[in-house]
Each structure stands twice: as C-alpha cells, then as structure tokens.
Amino acid sequence: MQKTPAECTTMADIRVEIDRLDRALMTLFAERWGYIERAAEIKRPLNLKADIPARVAEVKENARRNAAELGLDPDFYERFWGQLVERAIAHERKLLGEDDA
C-alpha cells in the first residue's frame, strides 16, 4: 500500500516508496521516448531537423519553471532536462539519418 513520506516509519518503508517512484519515473520516461520517436517520423516528411533550438530553450525553461513551482532546484532540473533533450536529439538525428550526412 502506497504511503506518504509522513506515513513512512522505517527506512524499509522509505526504500519501498522510492523504488515505486523510480519505477513510475522510468515508465514515464519510456512513454516520453515514444513521443520522441514519433516526432522523428513526423519531422522526416516535413524536412525538419532533430535539433530545433527554440523548442530546446522552451523545454529547458519549462523544466526551470516546473521545478521552481514545486520547490525544487531550477538550475539542477534545467541541466537534467538539458541532458534528456540532448540524448533525444541524438536519437532523432540517427532516426532522421542526419548522422549520415
């Protein structure tokens, strides 16, 4: 049964909840990855590049804002999302054949 942080009374409780959240995050990242792959499919006939700088900036700013709104460190999450976006762009480049050019 899921517990809130306040309901956890042992380190075992904490570990169960962290493991549950880690799995949920991975599931969300896998879902996000599906959208990245679909984006490449849509970009191909439109002759769009994998890297669209304005969108990258928008995603990073969204991460900063969301982190700040949730009381998290905006600098850390902007960097974290930056790495996520860089990996997604690299994957899209492969799918679009940009690495072959």
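Residues numbered from 1 in each chain as written. Predicted model: local features only at pLDDT ≥ 70, side-chain atom pairs only at ≥ 80, totals over all residues. Heavy atoms only, no water.

## Points about the side chain of glutamate 17
Now for step 1: With respect to the helices, strands and loops of the structure, glutamate 17 is situated in helix H1 (residues 11-46).
Now for step 2: With relative accessibility at 8%, the residue glutamate 17 sits in the buried group.
Now for step 3: Setting aside chain neighbours within four positions, we find glutamate 17 in contact with Met1, Gln2, Lys3 and Cys8. (Helix = DSSP H or I, 4+ residues; strand = E, 2+ residues; numbered from the N terminus. Buried < 20%, exposed > 50% of the residue type's maximum accessible area, 1.4 Å probe, protein only. Contact = heavy atoms within 4.5 Å.)

## Quick notes on the packing of aromatic side chains
Now for step 1: Under the definition given, this model contains five aromatic pairs.
Now for step 2: Each ring, one from phenylalanine 76 and one from phenylalanine 80, has its centre 6.1 Å from the other, and the planes form 20°; the classification is stacked. With phenylalanine 76 and phenylalanine 80 both in helix H3 (residues 74-96) and four residues apart, this pair spans about one turn of that helix.
Now for step 3: Every member of this aromatic cluster is reached through a ring pair, and the members are Phe29, Phe76, Tyr77, Phe80 and Trp81. (Phe/Tyr/Trp six-rings, centres within 6.5 Å; stacked < 30°, edge-to-face > 60°.)

## A closer look at a nonpolar patch on the surface
Now for step 1: The grouping of Ile42, Leu46, Leu48 and Ile52 at the surface amounts to a nonpolar patch, some 340 Å² of accessible area in total.
Now for step 2: Relative to the assigned elements, leucine 48 resides in the loop between H1 and helix H2 (53-69).
Now for step 3: Residue classification places leucine 48 among the partly exposed positions, given a relative accessible area of 39%. (Patch = residues over 30% accessible without salt bridge, like charges linked within 9 Å, V, L, I, M, F, W, Y side chains within 5 Å. Areas by Shrake-Rupley, 256 points an atom, 1.4 Å probe, with all protein chains shown as cover. Salt bridge = Lys/Arg side-chain N within 4 Å of Asp/Glu carboxyl O.)

## Focus: H1
Now for step 1: Helix length check: H1, at 36 residues, gives a terminal C-alpha distance of 52 Å against a target of 52 Å (1.5 Å per residue), a fit within 8%.
Now for step 2: For H1, every residue scored as buried is listed here: Asp13, Glu17, Ile36, Ala40 and Lys43.
Now for step 3: Here the buried face of H1 lies against H3. (Expected span 1.5 Å × (residues − 1).)

No statement about biological role is implied by the geometric values presented.
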